[in-house]
Every structure is written in structure tokens, then in C-alpha cells.
Amino acid sequence: MDFRVKILNDYEAVNSAKRLLYDVYIHELGWVFRDDSPTGFHIDKDKRSQPILCDAFDKTSIWFGAYKEDKLIGVARAVQRNNTLGKLDLELYPSSSLPSMKRLFQGKEGCQMIEVQRGAVAKDYRNTEPSVIQLLLLFAFSFAQEKQFSIVCPTVFPALETLFSQAGMHLVEKNFTYGEGEEEWPTFIFFCSSDELVQVLKRLKRVTSKRNASFLQERGHQAKRSKFNVV
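Because the structure is predicted, anything quoted here is derived from the model rather than measured. (Residues numbered from 1 in each chain as written. Predicted model: local features only at pLDDT ≥ 70, side-chain atom pairs only at ≥ 80, totals over all residues. Heavy atoms only, no water.)

1. Section: the sheet that holds strand S6 (residues 113-121)
Part 1 of the reasoning: Reading across the sheet, the seven strands line up as S1-S4-S5-S6-S7-S9-S8 and stay open at both edges, with mixed pairing between neighbours. Two strands in the sheet have a free side with no partner beyond their single neighbour: strand S1 (4-8) and strand S8 (170-176). Between one strand axis and the next, the sheet turns through 25° on average, direction left out of account.
Part 2 of the reasoning: Alignment of S1 against strand S4 (residues 62-68), held across five bridges, turns out to be antiparallel. Residue pairing in the sheet places Lys6 in a bridge with Gly65 of S4. (Pairing = 2+ DSSP bridges. Helix = DSSP H or I, 4+ residues; strand = E, 2+ residues; numbered from the N terminus. Axes fitted to C-alpha atoms, helices over the stretch in contact; angles between N-to-C directions.)

Quick look at the structure:
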């Protein structure tokens, strides 16, 4: 299929991305987020009165969109520390105090680091060749290389755990949780320094295996937030 990926830099495009997140996370998968989530999740309405999934990082994130012709079919974003909280999303949760996470963030408060997350793909485009989520990641990682950013990626999906490992990213932690209760699956945290991005990108481009299961099947149908995050 013929897809294109670009940075979303206008109000309507970002709202379309947040609408897709709502459609996938809330409407389709039935996620009920914590009212006291440090990320500040809430449901809002856009100018067309359509529901959108919002949080505290929306305005300062870098949004990436995948398109089939003029239709937005996939989204991911990069959270930066240039927000009112001065932290990445991962840094807001108690699991950031795990020894492995402390080693990751300690002394890097001023580091140009982004958190690539909030990935979602429209239902009809989850088993395509090439993989939509892989194209989004390639674009986001290429952007990070150009800007000399280091990257941290949370994921619960085995396909992405394998992808990141094959690309040469470092597995920092495999028991990170967001405090969503007993049903929450632990999140794997991967890291790549800006100096390593060239080689990681080369390996990522060589990984061409198609995903054999939809992301609904990878962790099961009954899930909370962490299972819905593609990256």
C-alpha cells in the first residue's frame, strides 16, 4: 500500500490524531482512564463536536501522522520536556523510581530526550505491508536523529518488543506500570542514545517481517491503558 508519514503541525491535523486516539483507545477498546492520572487524561470535543482524547502533553508534543491518500490512518507522538511539568510522561509515575529508571534519567535532566508513545492505527490498516506503525517509528526516529535527540520508548506489545530489540535498542526495564490495577500488563522500556541512532535506524529499516497478529490479539481483549499503547 502507498502510505506517507508527516509531522502534524496544524490544529486540524492534531485534532484528527486525537480523534483517532479516542476512536481506538476509548470507543473501540473501552479503556477507562484514571481520573487522577498524572498525564491528565480527559475527553474533550473538537470544533465539529467530535470526541477527542487529550492530556497535559498535547500542546508541546511532536505529532506524527500516517496517511493513505488524504485519510489519517495512524498516529504517534514524541513527548519533550519543554512543558509546564518539565518532565517526560514516564517520569510522572512511581515506577520511574525503579533502579533501572533512575539510572536512565539520572544526570540527564538537561538531556535532549524524547519519549515516543501514544501510537494507534485505524482498524482496517493494522495488518498492512509495510506496517503502518513501523513507518511511523522510522519517521519519528529519523526526526530524532536529525535533531540529535535520545529516545525512550514504552511498549507492551511483543511485536514491538522484538522490533526494538532487533534494532539494537537497550531494554531498560520490563516491569514498568502506570498504576492501573491488577489487570495492567507491565510495560517494557527501551532506550537509544542520540549517538546510537544511526545504527538503530539502519537495523530498523532491515526489519521487514509482517506482524502476524493485530494488537488486540497480542495481549488479549480485556485490557487497560498499557495494553492500548502501541509505542
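2. Looking at helix H5 (residues 197-206)
Part 1 of the reasoning: Looking only at H5, the buried set comprises Leu197, Val200, Leu201 and Leu204. Buried residues of H5 fall within an arc of 100° about the axis and therefore sit on the same side.
Part 2 of the reasoning: Buried residues in H5 make contact with helix H3 (132-147), strand S7 (150-155), helix H4 (158-166) and strand S9 (187-192). (Buried < 20%, exposed > 50% of the residue type's maximum accessible area, 1.4 Å probe, protein only. Arc of directions from axis to C-beta. Contact = heavy atoms within 4.5 Å.)

3. Describing the confidence of the model for the protein chain
Part 1 of the reasoning: With 88% of its residues at a pLDDT of 70 or more, the protein chain shows a mean pLDDT of 87.
Part 2 of the reasoning: For the stretch residues 209-231, pLDDT sits under 50, and the model shows 83 contacts to residues farther than four places along the chain or on other chains. (pLDDT = per-residue confidence, 0-100.)

4. Considerations on helix H1 (residues 11-28)
Part 1 of the reasoning: Taking 1.5 Å per residue, 18 residues should reach 26 Å; H1 reaches 24 Å between its end C-alpha atoms and fits that length.
Part 2 of the reasoning: Roughly 25° is the biggest bend found in H1, and it falls at Tyr22.
Part 3 of the reasoning: The N-cap of H1, judged by a side-chain oxygen 3.2 Å from the amide nitrogen of Glu12 a few residues on, is Asp10.
Part 4 of the reasoning: Just downstream of H1, Gly30 is the residue with a positive phi angle, here 70°. (Expected span 1.5 Å × (residues − 1). Bend = angle between axes of the 7 residues up to and from the residue. Polar contact = N/O pair within 3.5 Å; in protein donor to acceptor, adjacent residues only side chain to side chain.)

5. Quick word on the packing of aromatic side chains
Part 1 of the reasoning: Inspection of the entire model under this criterion finds 12 aromatic pairs.
Part 2 of the reasoning: Look at Phe64 and Phe143: their rings are 5.8 Å apart centre to centre, the planes differ by 65°, and that puts the pair in the edge-to-face class. Residue Phe64 is found in strand S4, and its partner Phe143 is found in helix H3; the two are separated by 79 residues along the sequence.
Part 3 of the reasoning: What makes Phe64 buried here is its relative accessible area of 0%.
Part 4 of the reasoning: Each residue in the set Tyr25, Trp31, Phe33 and Phe41 is aromatic and connected to the rest through ring pairs, giving one cluster.
Part 5 of the reasoning: Between Arg4 and the ring centre of Tyr67, over which it is positioned, the NZ or CZ distance is 4.8 Å.
Part 6 of the reasoning: We note Lys47 situated over the ring of Tyr11; from NZ or CZ to the ring centre the distance is 4.8 Å. (Phe/Tyr/Trp six-rings, centres within 6.5 Å; stacked < 30°, edge-to-face > 60°. Lys NZ or Arg CZ within 6 Å of the ring centre and 35° of its normal.)

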